[in-house]
Amino acid sequence: MKARPRYYNAPHFKTFWEEGNGKDLLDWSRATPDINQFNQYAHLYHEVDSLGDAAVQETYLKLPYHEASTLVEKYSASPVSPAEEAPANLKQLFLQMQEVPEWFNADLANAGARFCMRTGTNGLIILRDFTLMGGYDFAFLNKPLVFTGALKRGAVKRLKDTLEFWVNVTRENAMQTNSEAYRLIVRTRLLHAYARLKIRQKSDDWDYENWGTPINMWDMVATYTGFSLVFMQGLRKLGIIISSEEEKGVFHLWKYIGYLLGIPADYMPDVKKDAVERFYLWTATQGAGDKDSAYLAKALLDENLESTILRYDFQRKNLRYLHICCNWYLLDEDINERLHIPKVPLPNVFPSIIRSANALTQKMFPLQRPKSYRKLVELGHKQQMKVLDDYLTHTPKDFHY
């Protein structure tokens, strides 16, 4: 029996791909997606990281939490040998992660990392106001947050964790085995597996037909394509120039991160044309933003008011206004409306200032000159590390999901 692209003819799907940011992706990539290819990928909607699941089943679902965490931390921090006395599935997971595949090109991944770094605060704006906020409009992608209870918990903590993950994995040579980035990926992979198993065990209301298996492989591919394809699309909207080497590097970097997270390499795109065509097919599985989407959007906006990073209330309100301006500038109008992003006066002024500043910076520091480029990488890295440090310093330790 063939799977069917349920939302292919839905208004939100057509608007996105014929008029909105989807059309921009098609124009940029020159992709020609074919809905008849849907069944080549439909099985991914019920495929999962079985190795991650097996590792969690014999650790966090079997052992006392402290004992399981000690094992995971031990093998995250030092190499695992095949002769190691350890739970079999956990050992197999680490052996898989330690094996650097032949296709991995460290120089190309570092080109992607340098691009992520040189984007500075631009990159963080896009991650928050375009990639993350725009992702909330894909209603079914967010259902694990509802069923694990994370929807009703702190947006500050969720944002801090996302920022900590992204910044660490996008540094040069970051993914060496047992590095900080590697350990964050281990934590994320096992968290995905734990959440998936808990939902399957306890949630009779999970809609497998519409939503697929919780945290399924297709949703994971779409999520991490958001960190590559959609991330670069957003930066282009802010006037950031992207070289062909940087573009290939970003895709290669996230292909390797995906591999470490348990996504088979063949599922992750190498170039934007493939990325857009696969993303097109995945969006045909997604309903439009719903009340849970709007709740998530409001929580992200209100994070500016809850965060203790800025001292004064007027500073927090001003920052919230600036993020709203970026939402309206970057996202399609109907998506902003579905997410209940409030309308504000003069929404295009701040994004226009950002574009002008980026044009000036790229003129002052020509990208084709190695010394100028390295200076941009260093400056962008410092900006991103400063923001991360603020979140790590000011997010309360007991602020839980």
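Here's what I pulled together on the structure shown here. For clarity, every value in this text was computed on a predicted model and none was experimentally measured.

The rules behind the values
Residues numbered from 1 in each chain as written. Predicted model: local features only at pLDDT ≥ 70, side-chain atom pairs only at ≥ 80, totals over all residues. Heavy atoms only, no water. Helix = DSSP H or I, 4+ residues; strand = E, 2+ residues; numbered from the N terminus. Patch = residues over 30% accessible without salt bridge, like charges linked within 9 Å, V, L, I, M, F, W, Y side chains within 5 Å. Areas by Shrake-Rupley, 256 points an atom, 1.4 Å probe, with all protein chains shown as cover. Salt bridge = Lys/Arg side-chain N within 4 Å of Asp/Glu carboxyl O. Phe/Tyr/Trp six-rings, centres within 6.5 Å; stacked < 30°, edge-to-face > 60°. Lys NZ or Arg CZ within 6 Å of the ring centre and 35° of its normal. Polar contact = N/O pair within 3.5 Å; in protein donor to acceptor, adjacent residues only side chain to side chain. Core = buried A, V, L, I, M, F, W, Y, C linked by side-chain atoms within 4.5 Å. Buried < 20%, exposed > 50% of the residue type's maximum accessible area, 1.4 Å probe, protein only. Contact = heavy atoms within 4.5 Å.

## Notes on the environment of threonine 223
With respect to the secondary-structure elements, threonine 223 resides in helix 13 (residues 217-237). Note: C-alpha distance between threonine 223 and glycine 135 (88 residues apart in sequence) is 8.2 Å.

## Some remarks on a nonpolar patch on the surface
Side chains of Leu346, Val349 and Ile353 sit close together on the surface and give an oily, nonpolar patch of about 290 Å² of accessible area. Along the chain, valine 349 turns up in helix 19 (residues 349-364).

## Regarding the packing of aromatic side chains
This model, assessed by the stated rule, comprises 29 aromatic pairs. Among the aromatic residues, those joined into a ring-pair cluster are Tyr8, Phe13, Phe16, Trp17, Phe138, Phe279, Tyr280 and Trp282. Directly above the aromatic system of tyrosine 8 lies the positively charged group of lysine 14, at a separation of 5.9 Å from the ring centroid. A cation sits over an aromatic face here: lysine 255 above tryptophan 103, 4.8 Å from the ring centre.

## Examining the side chain of lysine 157
Locating lysine 157 in the fold gives a position in helix 10 (residues 155-169). Among the polar contacts listed, one links the side chain of lysine 157 to the side chain of aspartate 161, at a separation of 2.6 Å.

## Quick notes on the nonpolar core
Counting residues in each nonpolar core, the largest one holds 115 residues, and the members touching the most others are Met175 and Trp254. Setting aside its immediate chain neighbours within four residues, methionine 175 contacts Val169, Ala181, Ile185, Leu253, Tyr256, Ile257 and Leu260.

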